[in-house]
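Chain and residue survey
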Amino acid sequence: MTALSFQNVEKKYGNFTALQSVSFAIKKGEFFALLGQNGAGKTTLINCLSGLTRRSGGEINVEGEDPEKNPNFTKNKLGIVSQEITFDPFFTPIEILRLQRGFYGKSENEEYLFWLLKKLSLLEKKDTRGRQLSGGMKRRLMIAKALVHEPEILILDEPTAGVDVELRQNLWHFMEELREKKGITILLTTHYLEEAEALADRIAILHQGEIVICDETKKILAGHKRILEIEKTDGEVTHFEINPGENIFQKISQCPSIKDIRIREPKLEEIFLEITKS
C-alpha cells in the first residue's frame with residue numbers, strides 16, 4: 001500500500017521554479033530519505049505536503065487523499081518535524097505535549113506522553129521551561145510534539161541538527177522501533193548522508209528542483225564505481241576505478257609484486273557529490 005505519492009509536482013514563485021515534475025511514491029512502513037543540497041527544494045516539497053504552501057501543479061496524495069482537498073484527514077495522518085523550533089518557550093515539555101495532543105482532539109494519555117519523553121531522553125526535563133532547554137533538547141521535543149497525536153506517517157526535516165552523536169544514535173534506534181512496532185512510515189531529509197545510507201530503504205536525490213535519482217539504497221550503492229587499491233612490495237599504491245560488473249582480475253594482473261589488495265566500496269556521500277556537482 002502507498003502511504004505518500006507525488007506526481008509531477010511543481011512549485012513556482014514568479015519566474016523561479018522551485019519544484020519541477022517531482023514524482024515518487026513511498027510505501028506504507030517504508031523508511032525513505034529525500035536528499036539534496038540547500039535550496040534543492042526539499043523543504044518546499046514538505047511544505048506542499050503539509051499544506052503550508054500551495055503547489056503550482058501536479059498531485060500529492062496521503063493514503064489516497066489530497067492534502068489541499070482534505071486537510072483534516074492528512075493532518076491527522078502526518079506528524080511533521082520542521083527545521084524551525086515551534087513551541088511556546090514558557091511552557092514545559094509535558095505541558096507542550098498535553099496542549100498539542102488536545103489540538104488534535106485526542107483523549108488524555110499521560111502514559112503515552114511520558115513514554116515519548118523517556119524515549120527521547122527528555123523525561124528528566126519534563127518540568128523545565130522550553131526556553132531553558134539546550135538546542136538538541138529542543139530538536140527532540142519537536143519530534144515528541146510531532147508524534148503526540150500518534151500519526152501513521154512521520155516527516156523528519158533535518159531532525160538531528162544540533163544533536164550529539166550518542167543521542168542521534170538513540171534517536172535512530174527509536175525511529176526503527178516506531179517503524180517495526182507501530183508500522184510508521186518515515187520520510188527523512190538530512191545532511192548526514194551516513195544516516196541515510198544506514199537507515200533508508202530507498203533514497204531520492206532532489207537537485208535544482210528535480211528528482212535525479214530514486215532507487216533502493218543498496219542498488220544505488222551497487223551501481224557506482226568501487227576503488228581497487230593495490231599496494232606493491234615497494235610500498236607504492238596504485239588505484240583503479242572498477243565499474244559495476246567489471247572483472248577486477250584484469251586490473252590485478254597489471255601489477256606484479258603485490259603486497260596487499262583492498263577494495264573500497266562507494267559511499268553515498270561520494271555518489272551524492274558526483275550527482276549534484278553541476
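Residues numbered from 1 in each chain as written. Predicted model: local features only at pLDDT ≥ 70, side-chain atom pairs only at ≥ 80, totals over all residues. Heavy atoms only, no water.

Points about the layout of surface pockets
- Put simply, the largest pocket is a space of about 460 Å³.
- Elements with a contribution of two residues or more to the lining of the largest pocket: helix H1 (42-50), helix H2 (71-77), strand S5 (78-81) and helix H5 (135-147).
- Looking at the lining of the largest pocket residue by residue, the classes come out as nine nonpolar, eight polar and three charged.
- One number sums up the size of the second largest pocket: a volume of about 170 Å³.
- If you go around the second largest pocket, you meet ten residues; those closest to its centre are Lys225, Ile227, Glu241, Glu270 and Glu274.
- Sort the elements by how many residues they give to the lining of the second largest pocket and helix H10 (residues 268-275) lands first, with three residues.
- Partitioned by chemical class, the residues of the lining of the second largest pocket number three nonpolar, one polar and six charged. (1 Å grid on protein atoms, 1.4 Å probe; cavity = no way out; pocket = protein on both sides within 12 Å on 5 of 7 lines; lining within 4 Å. Points joined across faces, edges and corners; volume = space filled by probe spheres on them. Helix = DSSP H or I, 4+ residues; strand = E, 2+ residues; numbered from the N terminus. Nonpolar A, V, L, I, M, F, W, Y, C, P; charged D, E, K, R; others polar.)

Some remarks on the side chain of Arg101
- Along the polypeptide, Arg101 turns up in helix H3 (residues 93-103).
- Look at Arg101 and you get buried, because its relative accessible area is 6%.
- Excluding residues within four positions of it along the chain, Arg101 makes contact with Lys106, Ser107, Glu108, Asn109, Tyr112, Leu113, Val148, His149 and Glu150. (Buried < 20%, exposed > 50% of the residue type's maximum accessible area, 1.4 Å probe, protein only. Contact = heavy atoms within 4.5 Å.)

Some details on the nonpolar core
- Counting 45 residues, the largest nonpolar core has Leu35, Leu147, Leu154, Met175 and Ile203 as its most contacted members.
- Looking at this core element by element, the count peaks at seven residues for H5.
- Core analysis: the second largest hydrophobic core is formed by 22 residues, Leu34, Leu45, Leu49 and Val62 among them. (Core = buried A, V, L, I, M, F, W, Y, C linked by side-chain atoms within 4.5 Å.)

Describing a nonpolar patch on the surface
- A surface patch of nonpolar side chains, about 320 Å² in accessible area, is lined by Phe91, Leu99 and Phe103.
- Looking at where Phe103 falls in the secondary structure, it is placed in helix H3.
- Relative accessible area serves as the criterion here: at 66%, Phe103 is assigned to the exposed category. (Patch = residues over 30% accessible without salt bridge, like charges linked within 9 Å, V, L, I, M, F, W, Y side chains within 5 Å. Areas by Shrake-Rupley, 256 points an atom, 1.4 Å probe, with all protein chains shown as cover. Salt bridge = Lys/Arg side-chain N within 4 Å of Asp/Glu carboxyl O.)

Digging into the packing of aromatic side chains
- The full count for this structure, using the stated rule, is five aromatic pairs.
- Residues Phe24 and Phe32 carry aromatic rings whose centres are separated by 5.1 Å and whose planes lie at 0° to one another, so their mutual orientation is stacked.
- Since its relative accessible area comes to 0%, Phe32 is described here as buried.
- Between the aromatic rings of Trp115 and Phe174, the centroid separation amounts to 5.5 Å while the plane-to-plane angle is 70°, which identifies the pairing as edge-to-face. With Trp115 in helix H4 (residues 110-119) and Phe174 in helix H6 (residues 165-182), this pair connects stretches of sequence that are 59 residues apart.
- According to the relative accessible area criterion, Trp115 is partly exposed, its value standing at 25%.
- Site record: aromatic cluster; members linked through ring pairs are Phe6, Phe24 and Phe32. (Phe/Tyr/Trp six-rings, centres within 6.5 Å; stacked < 30°, edge-to-face > 60°.)

Let's talk about H1
- Counted residue by residue, H1 has seven buried out of nine residues, so it is predominantly covered.
- Taken residue by residue, H1 has Lys42, Thr44, Leu45, Ile46, Cys48, Leu49 and Ser50 as its buried positions.
- Where H1 terminates, the next one or two residues include Gly51, which has phi positive at roughly 95°.

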